[in-house]
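For reference, the chains in residue letters:
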Amino acid sequence: MALSTHRTTTALLRHLTPAISYLRHISTDSTSTITVETSVPFTGHKIDPPSRSVDTTAQELMSFFRDMALMRRMEIAADSLYKAKLIRGFCHLYDGQEAVAVGMEAAITRKDCIITAYRDHCIFLGRGGTLLESFSELMGRKDGCSKGKGGSMHFYKKEGGFYGGHGIVGAQIPLGCGLAFAQKYKNDENVTFTLYGDGAANQGQLFEALNMAALWDLPAILVCENNHYGMGTAEWRAAKSPAYYKRGDYVPGLKVDGMDALAVKQACRFAKEHALKNGPIILEMDTYRYHGHSMSDPGSTYRTRDEISGVRQERDPIERVRKLLLAYDIANEKELKDIEKEARKQVDEAIAKAKESPLPEPSELFTNVYVKGYGVESFGADRKEIRAALP
Amino acid sequence: MAAMLHTIGVASPVASGGVFPDHQSNKFAVSSLHSLPMIRSEARSNLSSLHESYRAGKLIAKAVATKGENAAASGASKPGHELLLFEALREGLEEEMERDPRVCVIGEDVGHYGGSYKVTKGLAPKFGDLRVLDTPIAENSFTGMGIGAAMTGLRPVIEGMNMGFLLLAFNQISDNCGMLHYTSGGQFTIPAVIRGPGGVGRQLGAEHSQRLESYFQSIPGIQLVACSTPYNAKGLMKAAIRSENPVVLFEHVLLYNLKERIPDEEYVLNLEEAEMVRPGEHVTILTYSRMRYHVMQAVKTLVNKGYDPEVIDIRSLKPFDLYTIGNSVKKTHRVLIVEECMRTGGIGASLTAAINENFHDYLDAQIICLSSQDVPTPYAGTLEEWTVVQPPQIVAAVEQLCQ
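Small disclaimer: the values here were computed from a predicted structure and weren't measured.

Q: I keep staring at the overall build of chain B and nothing clicks. Help me out?
A: Looking only at helices and strands, chain B has 13 helices and 14 strands in total. Taking all 403 residues of chain B together, the buried fraction comes to 61%. Within chain B, contacts between residues separated by at least 24 positions form 82% of all contacts whose residues are at least 6 apart in sequence.

Next up, the structure:
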């Protein structure tokens, strides 16, 4: 009764028609392999791209759906919390780009490192972060992953191999190469995924770091999450050559459909193998963000609403996986709706709990500036450790 | 010549209290700021014998680990070994690399070339190309790389060929090095050491003669130390590598060839302790790095004129060792700061503020701070000389302070 089938057409994933002709298969064994073809082939630069056929299982597809639904819910809830002024400052939302996070997680282990910029909420979740930690950190509470002292742009999870969470565009790229350097130094057969955006792709530090990574064959995979807009500027207005996967020149590159979780998974697995043997590789994920650059940006002054809704209809990552699940009869409409409801419930519960979480103590202002120990007591320039006396 | 001296308002000299020994003939005036009589410590007479040994030119460092103290105190009689400052740095680095396999060196020309100031000479053949990494000329990225490696537990020693070049890496040093421990809520520590020569050299030009301690000073989360002798260079290097916090170690281009005899035993100095170079009575002179030698040169003149200055090499630029400094201020009541840093927003400016805040009641006179001029270092020799503080200026400042 467990049938695995090789899909001969990519009609399922063609964005044009929801009416799909395919063979219905009953697959009750959730771990048997299903092979799916990605709708868009990979394009390689100085490398042979991997095959379009991706192996997956029903279990994996369900987990994709669940995780992406949770991420989507979390980001939308963050939107409301920001408008309710519970989240302040900058809040960069990832909805639309979830496929990159879940696809990457599916291809690697927690021992591999991921480092990214400020659009980090969903990747944090993928690395093992909890909703409570996430919302508490966003609202500046004690239970946040960085004890409320980091904020939206500074999520970290050391046990999960998630190195942040960085506010300055492009500054995480040399850090990522440093993580890869440490991995090479320790010889531990792990890789580092350094994520950056199409805006950061024009930073000098990227090319400096790329040079060094290629020089020393560091196991670094540089992933350009190309959502086509660097803050408010479209990519064609910012980059002379928007083919970011080619800009590594001597470093091989791969262009991937970033809205297809399976394509992302295939590319990341391929990249990991490559990096462990041959050194750095660039992955360009062709993706899209529905929200603006951050919550202070409406997102519609530099692009049309039609464009946004067009992408949402045709390329939405969650919809893709939903169609797959329905096509393979792994779940029916109601079950998927239930999963989404469950996600909503989890998010609402987490928010309620996070709201109850207390604000950090005043003394927390001065903790973690230095590491104490070995008899080293560190203070400010006048060597005073001040106890806060707030009114 | 621009003399950056604060004017001290002295109403009328009033000699009061204490007994002056015969060989010290100068009078001390109580400034108009205080009306209390000066109370001189009785310990003065005990110091005269020590003066003899100090006049012999031996610098005794009090702030040392106990093992090292005995060795340093009995100078030439104990074996020890003589070496130059850059060799001392190398020794410290080598010992730490042997002790802990996580210590690595990252910088330009550190590997095959041996380091532009020979601090890492011989380390690459010994430890390998990956542990002593020759980088391309990309300060921003290799500093960032070092910090990323430190996040995972490695202990990189990042060398800037000149501290001025590290300005290119300022974002990485400030945001990622200094702040990551805080913004991650304590999850990541950055045990990196950033070191390199700075300061005014011999006609190196403006961009290669920068005094940048002030720029790094306000970054939260890092520690700044400045070495000045082979003894403290090795000790501070080892302490910096062992510290869990990011440390910026300032060396000076002109001090690399200083020779001194240092102990054979292993010793590690305290990163936050100041060094008592010469105990004294009349005035506290706070200094660090190269200016220490200008001060000691001025001290020769001052002692001949009958003054007894106390010289402290503060070594720790962030945080200041206010304990040692405070004890000295409480003893002498007069402070002169001699530094090579810029006048505006420099180490001396912070130190002046810190001493004023904490020890205001003990001061008999306004603090005088002699810093280098707020100008780019000129190329011409004479102009370059006047950019930094010279011994005659120090002598004049002490005389003014002790009027």
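Once you've had a look at it, read on.
Q: Quick question: what am I supposed to make of the pairing of strand 13 (residues 335–342) of chain B here?
A: Walk down a regular strand and you will see the side chains alternate between the two sheet faces. Residues and elements named next belong to chain B. The buried fraction of strand 13 amounts to eight of the eight residues, a majority that puts the element mostly inside the structure. Pairing of strand 10 (residues 283–287) with strand 13, which is carried by four bridges, proceeds in the parallel orientation. Pairing of Leu286 across the sheet is with Ile337, part of strand 13. Here strand 13 pairs with strand 14 (residues 368–372) via four bridges, running parallel. Bridging across to strand 14, Met342 finds its partner in Ser372. After leaving strand 13, the chain enters helix 11 (residues 347–359) and then returns to the sheet as strand 14, a path that is right-handed.

Q: Explain the confidence of the model for chain A to me, please; I cannot follow it from the model alone.
A: Note that predicted coordinates carrying low pLDDT should not be read in detail. All names here are of chain A. For chain A, per-residue confidence averages 88 on the pLDDT scale, and residues scoring 70 or more make up 88% of the total. Across residues 1–28 the pLDDT falls below 50, and counting only partners more than four positions away or on other chains, this stretch makes 38 contacts in the model. Below pLDDT 50 for its whole length, residues 374–378 participates in 13 contacts with residues either more than four positions away or in separate chains.

Q: Looking at this model, I keep getting lost on the interface of chain A and chain B. Mind explaining?
A: Think of interface size as the accessible area that goes away when the parts come together; that is how it is often given. Taken together, the contact pairs 50 residues of chain A with 53 residues of chain B. On the surface where chain A and chain B come into contact, there are zero salt bridges. At the boundary of chain A with chain B, the tally comes to 17 residue pairs in polar contact (both at pLDDT 80 or more). Secondary structure elements with two or more residues in the side of chain A that touches chain B: helix 5 (172–186) and helix 6 (204–215) of chain A. Ranked by residue count, the leading element in the side of chain A that touches chain B is helix 5 of chain A, at ten residues.

Q: What exactly am I supposed to notice about the sheet that holds strand 3 (residues 132–134) of chain B here?
A: As a general point, the strands of a sheet are linked pairwise by backbone hydrogen bonds and lie either parallel or antiparallel. Residue and element names in this part refer to chain B. Strands sit in the order 3-2-4-5-7-6-12 across an open sheet of seven strands; the sheet is mixed. Sheet topology places strand 3 and strand 12 (316–318) at the edges, where each strand pairs with a single neighbour. Along the sheet, successive strands turn relative to each other by an average axial angle of 20°, direction set aside. Examined bridge by bridge, strand 4 (residues 155–159) and strand 5 (residues 193–198) share three bridges and lie parallel to one another. When the sheet's bridge partners are listed, Ile158 is paired in strand 5 with Ile194. Relative to the sheet, helix 3 (residues 85–99) contacts strand 2 (103–107), strand 3, strand 4 and strand 7 (247–252), its axis offset from that of strand 2 by approximately 130°.

Q: Hey, could you run me through unusual backbone geometry in this one?
A: With the exception of glycine, most residues fall at negative phi, and the peptide bonds are largely trans. Residue A:Gly165 is reached from A:Gly164 by a cis peptide bond, and omega for that bond is 20°. Residue position: A:Gly165 is located in the loop between helix 4 (131–138) and helix 5. A cis amide bond links B:Lys318 with the next residue in sequence, B:Pro319, at an omega value of -5°. When you line up the elements, B:Pro319 lands in the loop between strand 12 and helix 10 (322–332). The backbone phi angle of A:Lys85 is positive, close to 65°, even though this residue is not glycine.

Q: I tried to follow the packing of helix 5 of chain A against helix 6 of chain A on my own but got confused; where do I start?
A: Residues and elements named next belong to chain A. The contact between helix 5 and helix 6 brings their axes to 8 Å, and the two run at 15°. Taken together, the axis directions place helix 5 and helix 6 in an arrangement best described as roughly parallel. Helix 5 and helix 6 meet at a crossing whose hand is left-handed. Across the interface between the two elements, Ile173, Pro174 and Cys177 of helix 5 pack against Gln205, Leu206, Ala209 and Ala213 of helix 6.

Q: Honestly, the UniProt feature "domain: Dehydrogenase E1 component" (unreviewed entry) in chain A in this entry has me stumped. Any pointers?
A: UniProt tags residues 66–362 of chain A as "domain: Dehydrogenase E1 component" (unreviewed entry). With 46% helix and 10% strand, the stretch residues 66–362 of chain A has end C-alpha atoms that lie 39 Å from each other.

Q: Can you help me understand the packing of helix 1 (residues 58–83) of chain A against helix 11 (residues 333–356) of chain A in this one?
A: The axes of two packed helices give the description: the angle between them and the distance between them. All names here are of chain A. One can describe the packing of helix 1 onto helix 11 by two numbers: an axis separation of 9 Å at closest approach and a directional angle of 45°. The angle between helix 1 and helix 11 places the two elements in the oblique class. In the crossing of helix 1 with helix 11, the sense of the turn from one axis to the other is right-handed. Together, Met62, Phe65, Arg66, Ala69, Leu70, Arg73, Met74, Ala77 and Leu81 of helix 1 and Leu336, Ile339, Glu340, Ala343, Arg344, Gln346, Val347, Ile351 and Lys355 of helix 11 make up the contact between the two elements. Looking at the contact of helix 1 with helix 11 residue by residue, the classes come out as twelve nonpolar, one polar and five charged.

Q: I would appreciate a short explanation of the environment of B:Ile194 in the present structure.
A: All names here are of chain B. Among the structural elements, Ile194 can be located in strand 5. Residue Ile194 is classed as buried on the basis of its relative accessible area of 1%. Along the backbone, Ile194 and Leu224 are 30 residues apart, and their C-alpha atoms lie at a distance of 9.5 Å. Setting aside its immediate chain neighbours within four residues, Ile194 contacts Ile158, Met163, Leu166, Ile173, Cys177, Val247, Val248 and Leu249.

Q: Where do I start with the sheet that holds strand 9 (residues 275–278) of chain B in this structure?
A: All names here are of chain B. Reading across the sheet, the five strands line up as 9-11-10-13-14 and stay open at both edges, with mixed pairing between neighbours. Where the open sheet ends on each side, the last strands, each with one partner, are strand 9 and strand 14. Direction aside, neighbouring strands of the sheet carry axes that sit 25° apart on average. Relative to strand 13, helix 13 (residues 391–401) is tilted by about 150°, and along the sheet it contacts strand 10, strand 13 and strand 14.

Q: Which parts of the structure should I look at to understand the nonpolar core?
A: The tendency in soluble globular proteins is for nonpolar side chains to be buried side by side. Counting 80 residues, the largest nonpolar core has A:Phe181, A:Tyr196, B:Phe216, B:Leu286, B:Ile314 and B:Ile355 as its most contacted members. Per-element tally for this core: the top contributor is helix 5 of chain A, with eight residues. Those residues within four positions of B:Ile355 in sequence are excluded, and the remaining contacts are B:Leu286, B:Ile325, B:Val329, B:Val335, B:His360, B:Leu363 and B:Ile367. One finds A:Met62, A:Leu70, A:Met295 and A:Ala354 within the second-largest nonpolar core, a separate group that totals 77 residues.

Q: I'm lost on the pairing of strand 10 (residues 281–286) of chain A in this one. Help?
A: Residue and element names in this part refer to chain A. Burial within strand 10 is extensive, with six of its six residues counted as buried. A two-sided burial pattern is seen for strand 10, the buried positions comprising Ile281, Leu283 and Met285 on one face and Ile282, Glu284 and Asp286 on the other. Of the pairings in the sheet, the one linking strand 9 (residues 253–257) to strand 10 comprises five bridges and is parallel in character. Across the sheet, residue Gly253 finds its bridge partner in strand 10, namely Ile282. Taking the sense of rotation as the criterion, the β-α-β connection linking strand 9, helix 8 (residues 261–278) and strand 10 turns out right-handed.

Procedures and definitions
- Residues numbered from 1 in each chain as written.
- Chains lettered and ligands numbered in written order.
- Predicted model: local features only at pLDDT ≥ 70, side-chain atom pairs only at ≥ 80, totals over all residues.
- Heavy atoms only, no water.
- Helix = DSSP H or I, 4+ residues; strand = E, 2+ residues; numbered from the N terminus.
- Buried < 20%, exposed > 50% of the residue type's maximum accessible area, 1.4 Å probe, protein only.
- Contact = heavy atoms within 4.5 Å.
- Pairing = 2+ DSSP bridges.
- Right-handed = clockwise from strand over helix to strand, strands pointing away.
- pLDDT = per-residue confidence, 0-100.
- Salt bridge = Lys/Arg side-chain N within 4 Å of Asp/Glu carboxyl O.
- Polar contact = N/O pair within 3.5 Å; in protein donor to acceptor, adjacent residues only side chain to side chain.
- Axes fitted to C-alpha atoms, helices over the stretch in contact; angles between N-to-C directions.
- Parallel < 35°, antiparallel > 145°, perpendicular 65-115°, else oblique.
- Left-handed = near helix turned anticlockwise from the far one by under 90°.
- UniProt positions renumbered as here; feature names shortened; annotations may be inferred.
- Nonpolar A, V, L, I, M, F, W, Y, C, P; charged D, E, K, R; others polar.
- Core = buried A, V, L, I, M, F, W, Y, C linked by side-chain atoms within 4.5 Å.

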